[in-house]
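Next come the chains, spelled out residue by residue.
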Amino acid sequence: MNLETVAVNTAPPAQVTSRLWGIGLFLLLVLFAIAVPLLWQVDIAKQDYTAILSGPAEAHPLGTDHLGRDMLARLAAAVRLSLGLALVSVMTAAVPGVLLGVVAAWKGGAVDKLLGLLSEMFLALPGLLLVLLIVAIFPGSFLALYGAVSLVLWIEYFRMTRALSRTVLASPAVSASRLLGFGPLYIIRRHLWPELSPVLMTIAAFGAASAIMAIAALGFISVGVRPPTAELGLMITELLPYYAEAPIVIALPILVILLIILSLMLIAGGRKR
Amino acid sequence: MTRLLAFRFLQAVMVALLVGALTFLLMSLLPGDAAYRIAAGRYGYDMVSTAAAEAVRAELGLDQPVIWRFLAWIGDLATLDLGHSLVSGKPVMEAVAHELGSSIRLAIGAVALSFVMGPPLGVMAGLRPGSVFDRCLLLLTTVTRAVPHFVLGVVLVIVFAVSLGLVPSAGHGTLAHTVLPTLTLALGLAAVSSRVARDATIDVAASAYYGFGRLKGLSSFSLFTRHGLRNIGVPVVTYLGVQLVYLIEGVVVVETLFAWPGIGHGLVHAIVQRDVPMVQGTALAMGLMFVVLNTLVDLANHWIDPRGRKV
């Protein structure tokens, strides 16, 4: 390998740069969500009657909503809720999804068929519909929302892991390892994991994006979290009637949700459209 | 082909079972005594007596063990006996059939509009990859995809209905009312289909058969219509199947936003009012609509690309 090919190989392709942009944007949002409550200790429910739908001012750097609540504090709380719930759901979904995927590919036969059927069953219903029904059963419950989102997200992990594991496990490299007497743990660590981990990152980013969109959509149609919780979708619904008075105030949650989804899409990269 | 239809049929059965099980759970977890509630729904709140409630309990078998009630519930579902709305008292079937019509019109309009917008732009970008137009389209589609339906809807309402006053922001009836909801759904779909069309166009234009067509002297127009169009169509239509989830989810949100009297609007209202039979009916209709649309995509693919037929 001469110097030129090394240089070509190490130069970041377009996808890596866009992923770095995404990670940078995401970290900024996380920083915003964590730093604001530390530096700006304003209660998200505290009303300031002297400033209703005010624009940015010294007392309220991002203005106030229709009830005189501080937008900076509310936005930070909303980002914390969306990102927190999305990250926890993504992690929760990843564990059973990946494990079942590997089990299905490893065992094959009836186990594979059965697990495949289970995932098909969940796929038959659009994700948001399932979340909507479960949230309807337990209205206003945070746990139900989290459980429902995880229940939708595990399928993608399962299907991807199963498909990838199948090809990897059938490869000559794995047969060679098996013939040499290595156990399942070694095969998983040395053969499966290196193939799976980059894909899982993409699935996690897409999953987080769809989780955040689902939570916001439910808030928007007034089925998800309840007021006075600060939630992006709910904030947009609440502020929509006051567009004429304070266009900037409603633009804020819209901008924030756009940035969150955009950062996650960039992290996920161009693999899936 | 038969295998495919059988698979979709199985999926439809699964949708019915899943929706049935979830709504049964919803019914069982409602607070209060179901017999009294149903009696109140039937005879009015002033006419409920213990005798009436007991009659309902005996008639509907509410005193039976849970498993029997569940089987009876699924049995009703299997015979398409969806019952009556707890709020309006009308048969669920009637309401759902009415709502389904307007939802389907919205969905089909959105898909048609997205096909007018997305693939042609994608093909134009794909024929000159790396051009300014291609880059602009990439930026535009990336941003559009990062916008959830309801945000897109709100932005369109603010721009076209509130600021410019061109079209009504919500409601149903005239053609003007359909513009914004259809556009909201179509933009999201077009963002994806234009990317798919772009990538497919690049692949097709780089293929050997395309090069050979050019070599044998076909004009670029007949080359494109004879050898390009159909091959680009296959992935675009296949991807439409993937996007159906997006479409159905969009229908729920967009109908609620624009007060469109469709199935998504009906579902959200039924959930807010805790009208279990309506929740079941509308969720079932949405799930089945999803399966039917998927089947249609399969059939369209089958028609465009005959290569899969023998398999």
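Since the structure is predicted, the reported quantities are computational estimates derived from the model, not experimental observations. (Residues numbered from 1 in each chain as written. Chains lettered and ligands numbered in written order. Predicted model: local features only at pLDDT ≥ 70, side-chain atom pairs only at ≥ 80, totals over all residues. Heavy atoms only, no water.)

### Things to note about the environment of Trp-154 of chain A
Residue and element names in this part refer to chain A. Here Trp-154 lies in helix H6 (residues 142-169). Here Trp-154 falls in the buried class, since its relative accessible area comes to 8%. Linking Trp-154 and Met-91, residues 63 residues apart in sequence, is a C-alpha distance of 9.4 Å. What Trp-154 contacts, discounting residues up to four positions off in sequence, is Ala-93, Gly-97, Leu-100, Leu-118, Ser-119 and Phe-122. (Helix = DSSP H or I, 4+ residues; strand = E, 2+ residues; numbered from the N terminus. Buried < 20%, exposed > 50% of the residue type's maximum accessible area, 1.4 Å probe, protein only. Contact = heavy atoms within 4.5 Å.)

### Looking at the interface of chain A and chain B
Tallying the contact residues gives 37 residues for chain A and 46 residues for chain B. When chain A packs against chain B, the two sides together hide about 3800 Å² of surface, and 84% of this comes from carbon and sulfur. Across the contact surface, chain A and chain B share zero salt bridges. At the boundary of chain A and chain B, one finds one residue pair in polar contact (both at pLDDT 80 or more). Every element with two or more residues in the side of chain A that touches chain B is listed here: helix H4 (109-123), helix H5 (127-137), helix H8 (184-220), helix H9 (232-239) and helix H10 (247-268) of chain A. Across the side of chain A that touches chain B, the residue classes tally to 32 nonpolar, two polar and three charged. (Buried area = accessible area lost by both parts, 1.4 Å probe. Salt bridge = Lys/Arg side-chain N within 4 Å of Asp/Glu carboxyl O. Polar contact = N/O pair within 3.5 Å; in protein donor to acceptor, adjacent residues only side chain to side chain. Nonpolar A, V, L, I, M, F, W, Y, C, P; charged D, E, K, R; others polar.)

### As for the UniProt feature "transmembrane region" (unreviewed entry) in chain B
All names here are of chain B. Those places that UniProt annotates as "transmembrane region" (unreviewed entry) correspond, in this numbering, to residues 6-30, 106-127, 147-167, 174-192, 236-263 and 283-304. A helix fraction of 96% and a strand fraction of 0% characterise residues 6-30, whose end C-alpha atoms lie 36 Å from each other. The span residues 106-127 shows a helical share of 100% and a strand share of 0%, and its end C-alpha atoms are spaced 32 Å apart. (UniProt positions renumbered as here; feature names shortened; annotations may be inferred.)

### Quick notes on the UniProt feature "domain: ABC transmembrane type-1" (unreviewed entry) in chain A
Under the local residue numbering, the UniProt record ascribes the feature "domain: ABC transmembrane type-1" (unreviewed entry) to residues 79-267 of chain A. Taken end to end, residues 79-267 of chain A is 83% helix and 0% strand, and its first and last C-alpha atoms sit 18 Å apart.

### Some thoughts on the UniProt feature "transmembrane region" (unreviewed entry) in chain A
Residues and elements named next belong to chain A. As annotated in UniProt, the feature "transmembrane region" (unreviewed entry) corresponds to residues 20-40, 81-106, 126-155, 199-222 and 242-268 in the numbering used here. Helix makes up 83% of residues 126-155 and strand makes up 0%, while its end C-alpha atoms are separated by 12 Å. The distance from the first to the last C-alpha atom of residues 199-222 is 34 Å, and the span holds 92% helix and 0% strand.

### Structural notes on the packing of aromatic side chains
All names here are of chain A. Enumeration according to the criterion identifies three aromatic pairs over all chains in this entry. Centroid distance Trp-154 to Phe-158: 5.6 Å. Interplanar angle 55 degrees. Geometry classified as tilted. With Trp-154 and Phe-158 both in helix H6, this residue pair falls four residues apart, about one helical turn. Relative to Tyr-186, the ring of Phe-182 lies with its centre 3.9 Å away and its plane at 15 degrees, an arrangement referred to as stacked. One residue, Arg-178, lies across the ring of Trp-106, its end atom 5.1 Å from the ring centre. (Phe/Tyr/Trp six-rings, centres within 6.5 Å; stacked < 30°, edge-to-face > 60°. Lys NZ or Arg CZ within 6 Å of the ring centre and 35° of its normal.)

### Looking at the domain arrangement of chain B
One widely used convention gives an interface's size as the accessible area the parts lose upon coming together. Residue and element names in this part refer to chain B. The domain boundaries assigned to chain B delineate domain 1 (2-85) and domain 2 (93-308). Centre-to-centre separation of domain 1 and domain 2, based on C-alpha positions: 35 Å. When the two sides are added together, the surface that domain 1 and domain 2 hide from each other amounts to roughly 1700 Å², 74% of it contributed by carbon and sulfur. Counting across the interface, domain 1 meets domain 2 through one salt bridge. Linking domain 1 with domain 2 are one residue pair in polar contact (both at pLDDT 80 or more). Those elements that place two or more of their residues in the side of domain 1 that touches domain 2 are helix H1 (2-29) and helix H4 (66-78). Take the side of domain 1 that touches domain 2: its biggest share by element is 12 residues, from H1. (Domains from an automatic or database assignment.)

### Side note on the confidence of the model for chain B
For chain B, the mean per-residue pLDDT works out to 81, and 93% of the residues sit at or above 70. With a pTM of 0.79, the predicted complex shows an ipTM of 0.76. (pLDDT = per-residue confidence, 0-100.)

### Quick notes on the pattern of salt bridges
Residue and element names in this part refer to chain A. For the coordinates displayed, the defined rule picks out eight salt bridges over all chains. Residue Glu-120 pairs with Arg-159 through a salt bridge whose shortest N-O separation is 3.6 Å. Remark: Arg-159 occurs in helix H6 and Glu-120 occurs in helix H4; sequence separation between them is 39 residues. The class of Arg-159 is partly exposed, set by a relative accessible area of 33%. Connected through shared salt-bridge partners, Arg-69, Arg-74 and Glu-238 make up one network.

### Points about the packing of helix H9 (residues 208-215) of chain B against helix H10 (residues 220-258) of chain B
All names here are of chain B. For the pair H9 and H10, interaxial distance at closest approach is 10 Å and the crossing angle is 170 degrees. Viewed along their axes, H9 and H10 adopt a mutual orientation that is roughly antiparallel. Of H10, the residues touching H9 (which contributes Tyr-209, Tyr-210, Gly-213 and Arg-214) are Leu-223, Phe-224, His-227, Gly-228 and Asn-231. Residues that form the contact of H9 with H10 fall into these classes: four nonpolar, four polar and one charged. (Axes fitted to C-alpha atoms, helices over the stretch in contact; angles between N-to-C directions. Parallel < 35°, antiparallel > 145°, perpendicular 65-115°, else oblique.)

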